[in-house]
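Coordinates in review
This is what each chain is made of:
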Amino acid sequence: MSTVIDNAPYTAFHRRLALACSGGPLLDGYILSIVGVAVTGMQPELGLSTAAVSLIGASALIGMFVGAQSSGC
């Protein structure tokens, strides 16, 4: 049983929509990798404890959660 949506032609709108929807996960991965690399360099320089490193990593995840909730994603 096919519907009108299943048979709709692939248009430029669909390409823009796919690009816009893939931007969030791409940026989330980028942010997490940057935080991970930065924390490994900061830990010995600043003498951060394991708890402090954990809080820095968790703050990035919490920020992503709050941002996704506030922007409606």
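Refer to the preceding data block for the structure.
For clarity, every value in this text was computed on a predicted model and none was experimentally measured.

A tally of regular secondary structure across the protein gives 2 helices and 0 strands. The proportion of buried residues among the 73 residues of the protein is 4%. Counting every atom, the protein has about 5,800 Å² of accessible surface; 72% of that belongs to carbon and sulfur.

Turning next to the packing of helix H1 (residues 12–46) against helix H2 (residues 50–71). For the pair H1 and H2, the least separation of the axes is 10 Å and the interaxial angle reads 165 degrees. The angle between H1 and H2 places the two elements in the roughly antiparallel class. Here the hand of the crossing between H1 and H2 comes out right-handed. Across the interface between the two elements, Asp 28, Ile 31, Leu 32, Val 35, Val 39, Met 42 and Gln 43 of H1 pack against Val 53, Ile 56, Gly 57, Ala 60, Leu 61 and Met 64 of H2. Residues that form the contact of H1 with H2 fall into these classes: 10 nonpolar, 2 polar and 1 charged.

Thresholds, definitions, all that
- Residues numbered from 1 in each chain as written.
- Predicted model: local features only at pLDDT ≥ 70, side-chain atom pairs only at ≥ 80, totals over all residues.
- Heavy atoms only, no water.
- Helix = DSSP H or I, 4+ residues; strand = E, 2+ residues; numbered from the N terminus.
- Buried < 20%, exposed > 50% of the residue type's maximum accessible area, 1.4 Å probe, protein only.
- Areas by Shrake-Rupley, 256 points an atom, 1.4 Å probe, with all protein chains shown as cover.
- Axes fitted to C-alpha atoms, helices over the stretch in contact; angles between N-to-C directions.
- Parallel < 35°, antiparallel > 145°, perpendicular 65-115°, else oblique.
- Left-handed = near helix turned anticlockwise from the far one by under 90°.
- Contact = heavy atoms within 4.5 Å.
- Nonpolar A, V, L, I, M, F, W, Y, C, P; charged D, E, K, R; others polar.

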